[in-house]
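Commentary on secondary and tertiary structure
These are the residues of each chain, in order.
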Amino acid sequence: MSSFSVASWNINSVRFRIDIVERFLMDHAPDVLCLQETKVMDPEFPHTMFEAMGYRYRLINGQKMHHGVAILSRIPMTEERRHDWQDNGEARHIGARLANGVLLENVYVPAGGDIPDALVNPKFGQKLAFLDRMTRWSESLRDDTLIVGDFNVAPLECDVWSHKALLGVVSHTPIEVDRLNGLAASHDWVDLGRRFIPAPERLFTWWSYRAADWAASDRGRRLDHVWASPALGAQATGFEVVEDARNWGKPSDHVPQIARFTL
């Protein structure tokens, strides 16, 4: 049997926040780190720190100033894939097969703008189309797969600081929740966050920069997720959210999650 861990983090610019990424790797040492919103073109990606810390295997799908995803690993990996589920060229997915056989998919779902109406807000329509295309892809999966990332949807009432206040706010609207639930059902995905921290326990991964004191107001949302195929989910041994990272240096508005497995 072998154990491994996978972390996922919307870093909101990997170069600007490279110091806290290094701190996270030193403190938690996941075998694999998936980043979203790296905001850097591939040639400018900061490889040096990751190489020095033993993350010799790196897959990058970057974009200048926007979006971007990366997988950094101490485990050998191959089979790079880049799905364009929004069909507009944005860098929102990268996938790999780890040496232990697990397929790892790292996704940054579009935020969807401010108005939850596809007729007046094209960004919201693109978000729904992205989730629909992911769902059709998910239906065809046959391998043990781990899908992680910023899904930009908080599906449960307890996944936001106030269900009533956020019902009309993009990320927690009924239509988005319905789409995400359809994606979850398409492969019987195991939501590892809620497997190890069952509802209605508090579980947030994002707090707005607008709050003067994010911890005191605690107006969080669970926008980031780690889902496993049923067989792989049964082999999960732990899950944690590194909430303290919201206090580090120049923090991202998201915090890392770590899932652990024994195969």
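Above this text sits the structure in question.
Structure report, in brief.

Analysis parameters
- Residues numbered from 1 in each chain as written.
- Predicted model: local features only at pLDDT ≥ 70, side-chain atom pairs only at ≥ 80, totals over all residues.
- Heavy atoms only, no water.
- Core = buried A, V, L, I, M, F, W, Y, C linked by side-chain atoms within 4.5 Å.
- Buried < 20%, exposed > 50% of the residue type's maximum accessible area, 1.4 Å probe, protein only.
- Contact = heavy atoms within 4.5 Å.
- 1 Å grid on protein atoms, 1.4 Å probe; cavity = no way out; pocket = protein on both sides within 12 Å on 5 of 7 lines; lining within 4 Å.
- Points joined across faces, edges and corners; volume = space filled by probe spheres on them.
- Helix = DSSP H or I, 4+ residues; strand = E, 2+ residues; numbered from the N terminus.
- Pairing = 2+ DSSP bridges.
- Right-handed = clockwise from strand over helix to strand, strands pointing away.
- Axes fitted to C-alpha atoms, helices over the stretch in contact; angles between N-to-C directions.
- Parallel < 35°, antiparallel > 145°, perpendicular 65-115°, else oblique.
- Left-handed = near helix turned anticlockwise from the far one by under 90°.
- Nonpolar A, V, L, I, M, F, W, Y, C, P; charged D, E, K, R; others polar.

Inside soluble globular proteins, nonpolar side chains tend to come together where they are buried. In this structure, Phe-50 and Leu-146 are the most contacted members of the largest nonpolar core, which totals 55 residues. With sequence-adjacent residues up to four places away left out, Leu-146 is seen in contact with Val-6, Val-102, Leu-103, Leu-104, Glu-105, Leu-192, Val-226, Trp-227, Ala-228, Leu-232 and Phe-261. Formed by 16 residues, the second largest nonpolar core is a distinct cluster that contains Val-107, Val-109, Leu-131 and Trp-189.

Considering only enclosed or pocket space, the largest pocket measures out at about 1000 Å³ in volume. Lining the largest pocket are 39 residues; nearest its centre among them are Ala-111, Asp-114, Asn-152, Trp-206 and Arg-221. Broken down by secondary-structure element, the contributors of at least two residues to the lining of the largest pocket are helix 3 (122-139), strand 10 (206-207) and helix 7 (214-217). Of all the elements, helix 3 adds the most residues to the lining of the largest pocket, at 3 residues.

So, about the pairing of strand 2 (residues 32-36). Of all the 5 residues making up strand 2, 5 are buried; the element is thus mostly covered by neighbouring parts of the structure. Here strand 2 shows a buried face lined by Val-32, Cys-34 and Gln-36 and a second buried face lined by Leu-33 and Leu-35. Bridge analysis of strand 1 (residues 3-10) against strand 2 gives 5 bridges, and the strand direction is parallel. Of the residues in strand 2, the one forming a bridge with Val-6 is Val-32. Note that the unit made of strand 1, helix 1 (residues 18-28) and strand 2 has a crossover that is right-handed. When strand 2 meets strand 4 (residues 69-73), the two strands line up antiparallel, connected through 5 bridges. Among the inter-strand pairings, Leu-35 is bridged to a residue of strand 4, identified as Ala-70.

Our next topic: the packing of helix 3 against helix 5 (residues 174-186). One way to put it is that helix 3 packs onto helix 5 with a least axis distance of 8 Å and a crossing angle of 15°. The angle between helix 3 and helix 5 places the two elements in the roughly parallel class. Judged by the twist between their axes, the crossing of helix 3 over helix 5 is left-handed. Facing Phe-124, Lys-127, Leu-128, Leu-131, Asp-132, Met-134, Thr-135, Ser-138 and Glu-139 of helix 3, the residues of helix 5 in contact are Ile-175, Glu-176, Arg-179, Leu-180, Gly-182, Leu-183 and Ser-186. Each residue belonging to the contact of helix 3 with helix 5 can be placed in one class, and the counts come to 7 nonpolar, 4 polar and 5 charged.

Turning our eyes to something else, we now look at the sheet that holds strand 9 (residues 190-191). Each strand in a sheet pairs with its neighbour through backbone hydrogen bonds, running either in the same direction (parallel) or in the opposite one (antiparallel). One open sheet accounts for 6 strands, arranged 5-6-7-8-12-9; its pairing is mixed. Every other strand in the sheet has two partners, leaving strand 5 (77-81) and strand 9 as the edge strands with one partner each. Pairing geometry for strand 7 (residues 103-108) and strand 8 (residues 145-150), over 6 bridges, is parallel. Of the residues in strand 8, the one forming a bridge with Asn-106 is Val-148. Running at roughly 170° to strand 7, helix 3 makes contact with strand 7 and strand 8 of the sheet.

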